[in-house]
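# Close look at the chain arrangement
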Amino acid sequence: MPDISITRMFKDFGITTPGAQKSGREALSRAGIISSRPNRTNIASEKVDRAREALETAFLWHCGNGDCRRQAEARKGLLVDKAHCTICGGSKDRSSLRAMASALNAAKVSKVLVVGGTEAKTREIREKSSPGIDWRFVDGTRSKDDRYFRPARRWAEVIVIWGSTVLDHRVSSHFEGKGDARVITVTRRSIGALAEAVVEHLNRR
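Keep in mind it's a predicted model, so treat the numbers as computed, not measured. (Residues numbered from 1 in each chain as written. Predicted model: local features only at pLDDT ≥ 70, side-chain atom pairs only at ≥ 80, totals over all residues. Heavy atoms only, no water.)

## A short note on the nonpolar core
Residues M100, L104, V112, W135, V158, V160 and V198 are the most contacted members of the largest nonpolar core, which totals 23 residues. For this core, the secondary-structure elements that each account for two or more residues are helix 5 (92–107), strand 5 (111–115), strand 7 (158–162), strand 8 (183–186) and helix 9 (191–204). Looking at this core element by element, the count peaks at 7 residues for helix 9. Ignoring sequence-local partners within four residues, the contact set of V160 consists of V112, L113, V114, V115, I184, V186, L194 and V198. (Core = buried A, V, L, I, M, F, W, Y, C linked by side-chain atoms within 4.5 Å. Buried < 20%, exposed > 50% of the residue type's maximum accessible area, 1.4 Å probe, protein only. Helix = DSSP H or I, 4+ residues; strand = E, 2+ residues; numbered from the N terminus. Contact = heavy atoms within 4.5 Å.)

## Overview of the side chain of H201
The topology assignment puts H201 in helix 9. One polar contact links the side chain of H201 to the main-chain carbonyl oxygen of A181, over a distance of 3.3 Å. Residue contacts for H201: discarding those within four places in its chain leaves A181, R182, V183 and I184. (Polar contact = N/O pair within 3.5 Å; in protein donor to acceptor, adjacent residues only side chain to side chain.)

## Considering the packing of aromatic side chains
One pass over the full model with this rule turns up 4 aromatic pairs. Residues W135 and F137 carry aromatic rings whose centres are separated by 5.7 Å and whose planes lie at 15° to one another, so their mutual orientation is stacked. A residue is classified by how much of its surface remains accessible, and W135, at 6% relative accessible area, is buried. Summarising the aromatic geometry, the rings of Y148 and F149 are spaced 5.2 Å apart at their centres and angled 85° between planes, so their arrangement reads as edge-to-face. With relative accessibility at 2%, the residue F149 sits in the buried group. Put simply, the rings of Y148, F149 and F175 touch in pairs and so form one group of aromatic residues. (Phe/Tyr/Trp six-rings, centres within 6.5 Å; stacked < 30°, edge-to-face > 60°.)

Given below as structure tokens:
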């Protein structure tokens, strides 16, 4: 297989700034994957996967935004384009869900019941969610007898009333109020807002 440009390889990895590329070159040189000679411009194609693995081991890839930058400060960070960020994956929702998973783990709880939301949002939450969260969802449009909702209430460790979504009061009323410390009401529609509200709730406990 033909050699490829090291600069091209870095761009494919999302490593585009001169400083990040310099750090990447130094790390790959230390790992013996590329020559330390500054005029070395190419890398063998069969070494590209090894190069990625070495860089992922040596650095925490981050996009430089907010929470991602702060998390990277605890490790040796490597600035990459947003789509290649290992913390948020280019998505604020994913980053917020990851922070939520960490907060749940610290609180030693995992069972989250969401009341409301659409099927599309439910799928999106499951796709973007970090490991460690056990989700259940209640359709906010289908009112049932209280006996139908009782098992979900008993199961949940955190109950989120997603009030800004399509949610019939005849459904939410089975979960809200009654002095239940597990219940959170979220007034914004985004997945990130839901995750952030859960983190704030756990921090107040």
